[in-house]
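What follows is each chain in one-letter form.
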Amino acid sequence: MAEEANKKTEESKNMKIVENATCTFCGCVCDDMELHVDLDEKRITKAKNACVLGRAWFAEHVIEDAPAAMIDGKEVTVDEAIEEAAQTLVNAKFPITYGLSDTTCEAQKHAVAISDYIKGNIDTTTSVCHGPSGLAFQGVGESTSTLGEVKNRADLVIYWGGNPAESHPRHFGRYAVTPKGMFTPNGKKDRTVVLVDVRKTKSAGVADILIKPKPGKDFEVLWALRALVKGNEISNDIEQETGVPLEVLTDLTERMKNCRYGVLFFGMGLTMTRGRHFNSGALLALATDLNEYTHFVAKPVRGHGNVTGADNVVAWQTGYPFGVNFSRGYPRFNPGEFTTVDTLSNGDADAAMIIASDPGSNFPKKAIEHLKNIPVVVLDTKSTETTKLAHVAFKTATYGINTGGTVYRMDDVSIPLRPAFESPFPEDEVILKGIKKRVRELTLKKKHSGGASGEAKVAAVNPL
Amino acid sequence: MSNKMMLIPGRSSKQGTSLNQGKLKEEYQKVTSTLEMNKDDMDKMGLIDGDKVKLSNEVGETIVSCLGKKPEDLSEGMLFIPYGPPSSQLMTSDTAGSGMPLSKHMMVDVEKVKN
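Conventions we followed
Residues numbered from 1 in each chain as written. Chains lettered and ligands numbered in written order. Predicted model: local features only at pLDDT ≥ 70, side-chain atom pairs only at ≥ 80, totals over all residues. Helix = DSSP H or I, 4+ residues; strand = E, 2+ residues; numbered from the N terminus. Buried ≥ 20, exposed ≤ 12 C-beta atoms within 10 Å, placed from the backbone. Contact = placed C-beta atoms within 7 Å. Domains from an automatic or database assignment. Nonpolar A, V, L, I, M, F, W, Y, C, P; charged D, E, K, R; others polar. Axes fitted to C-alpha atoms, helices over the stretch in contact; angles between N-to-C directions. Parallel < 35°, antiparallel > 145°, perpendicular 65-115°, else oblique. Left-handed = near helix turned anticlockwise from the far one by under 90°. Pairing = 2+ DSSP bridges.

(A) Looking closely at the overall build of chain B. Along its length, chain B carries four helices and six strands. Helices and strands in chain B line up, N terminus first, as β-α-α-β-α-β-β-β-α-β. Its C-alpha atoms put chain B at 40 × 35 × 30 Å along the principal axes. Buried residues in chain B amount to 46% of all 115 residues. Partitioning the contacts of chain B with sequence separation of at least 6, the portion at a separation of at least 24 is 74%.

Structure (structure tokens):
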């Protein structure tokens, strides 16, 4: 009855249904949403197929009554804010750009170009997420796959250092645990699921085997598994060291060697703890070792909706995935120096542009203190601790709800967005394109003091 | 009296849904200020759900409310809190040349805050 009543209400309103829309809340980037959109009120009333996080994402992104642009808390036009943002970035000695994981690839590419023109620094939220895994990929390599392959083939699924039940709720149902695939026709019955975590989280509910190492001992457990896979003996002391009994490791080794298609999904339980890239590297090396016996892959479980796109776009344009510096006129990659926690904590940055992220809330105290002391340009859809300290603030349209564009799923598959309703606020792409254009003009002026004729010559050779 | 325990900040469903409402809203502030703690540890410290505790380390300090968890879900000496401004107060800025600050497994002193 209630459903019928809702249907009648929907029919009487100016409603639209968007099929196969994409949720950009997390790295699963589920593209099977059916969105019911109230075009009069500009809000999504129902998001069919969405998980608990997706439902909140679609329901809470409504049009807020706020200025599109502000300078020092005072409302200005978008053009005035673009001018001030460009001047701020061009006049800095060490300008940094950070964020990018919650915007489209089309916007990300302009952010990279801006950093190039101003000889600045560009970094993404990857550096405080799977940045260590990015280092491990370079050192060890990655035996990889798409989530579609996992769905159709994997009969052994191992989650290590993550809690998808709360962070990526549809990872189990759509990709890796319960879906029926070509070679897994019975879904969950055809798979063994292993969860390795120091806590018993809500994800334990789907696990056939739960392994709880001592905190900070993931590397040791992974290295012991590598030894066992290679046929080396391991002492019984391993339990005392890692909290995991030898028979549990031996059993897991046999399961890994004898499965038809195995996958290791890994989370920030590995990258944010002691060992960092060594932990990720050990896991990637284990997956590689196992290919002597069967087919085995490893994939990081990525957090934000387009953090994988940020890695791809920054790597495509600079050669490196994050932590890139242009101060010498060409890109240099050095995590620990050009990553944003470091550029802020060390006091290097003298201006910042923060795009679709909130370091003012999530960064270490010392980094936040420095951010408070430099001019900051912020692009965000909502008010945050970072927008509170902005010199120039843009309120922007929400990607995937108000804008189209492209994002990358956590398995590096690109997915188009289908917007639900228009926003009065500008898109990140439009703002960044505007800043890029102005920054280009200002940097040319600096380079070619000969005046307009010099600038015109360069612009003619290398137009925007 | 203070006790040394290991703090693990991480994601939770409630943190995910409340951040969509807005990070400056009350719900998000409440979720990211709620510390999950082993029930036996709470008994030993004379704490009940909702009591305030001070977490501190060499980096900083923060005051949060505690919520008991069964010992089989959260081991003795272990604490969990959804990521947010309170957990950032305790995070070191040293990334050891990696770009990543140690954001989990932080040793902290836990002290009951008298009302």
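(B) Expanded view of the domain arrangement of chain A. Residues and elements named next belong to chain A. Here the domain parsing of chain A yields domain 1 (69-129 + 305-412 + 422-461) and domain 2 (131-300). When each unit is reduced to the centre of its C-alpha atoms, the spacing between domain 1 and domain 2 is 35 Å. Across the boundary between the two partners, domain 1 contributes twelve residues, which contact seven residues of domain 2. Grouping the amino acids of the side of domain 1 that touches domain 2 by side-chain chemistry returns six nonpolar, three polar and three charged.

(C) Seen up close, the interface of chain A and chain B. With 44 residues of chain A at the interface, the matching set in chain B holds 37 residues. Ranked by residues supplied to the side of chain A that touches chain B, first place goes to helix 2 (residues 52-60) of chain A with five residues. Looking at the side of chain A that touches chain B, its residues break down into 15 nonpolar, 17 polar and twelve charged.

(D) Here's a closer look at the packing of helix 4 (residues 105-117) of chain A against helix 19 (residues 428-447) of chain A. Residues and elements named next belong to chain A. Running from amino to carboxyl end, helix 4 crosses helix 19 at an angle of 20 degrees, the nearest separation of the two axes being 9 Å. Taken as axis vectors, helix 4 and helix 19 run roughly parallel relative to one another. Seen along the crossing, helix 4 lies across helix 19 with a hand that is left-handed. Of the residues in helix 19, those in contact with Glu106, Ala107, His110, Ala111, Ala113, Ile114 and Tyr117 of helix 4 are Asp428, Glu429, Leu432, Lys433, Ile435, Lys436, Val439, Arg440 and Thr443. Residue composition of the contact of helix 4 with helix 19, by class: eight nonpolar, two polar and six charged.

(E) Region of interest: the sheet that holds strand 11 (residues 261-266) of chain A. Residues and elements named next belong to chain A. The strand order 10-9-8-11-12 describes an open sheet built from five strands, whose pairing is parallel. Unpaired on one side and paired on the other, strand 10 (209-211) and strand 12 (295-300) mark the two borders of the sheet. Adjacent strand axes in the sheet meet at a mean angle of 15 degrees when their direction is disregarded. Pairing of strand 8 (residues 156-160) with strand 9 (residues 192-196), which is carried by five bridges, proceeds in the parallel orientation. From the neighbouring strand, Leu156 faces strand 9, where its bridge partner is Thr192. Contacting strand 8, strand 11 and strand 12, helix 13 (residues 277-290) runs over the sheet at an angle of about 160 degrees to strand 12.

(F) Representation of the environment of Lys4 of chain B within the structure. Turning to its location among the elements, Lys4 of chain B is positioned in strand 1 (residues 2-10). Remark: the alpha-carbon pair of Lys4 of chain B and Asn57 of chain B, spanning 53 residues in sequence, is separated by 9.5 Å.

(G) Expanded view of the packing of helix 4 of chain A against helix 14 (residues 307-318) of chain A. Residues and elements named next belong to chain A. Interhelical geometry of helix 4 versus helix 14 gives an angle of 40 degrees and a closest axis separation of 9 Å. Here helix 4 lies oblique to helix 14, going by the angle between them. Read as a crossing pair, helix 4 and helix 14 show a hand that is right-handed. Residues Cys105, Gln108, Lys109 and Val112 of helix 4 pack against Gly309, Ala310, Val313, Val314, Gln317 and Thr318 of helix 14.

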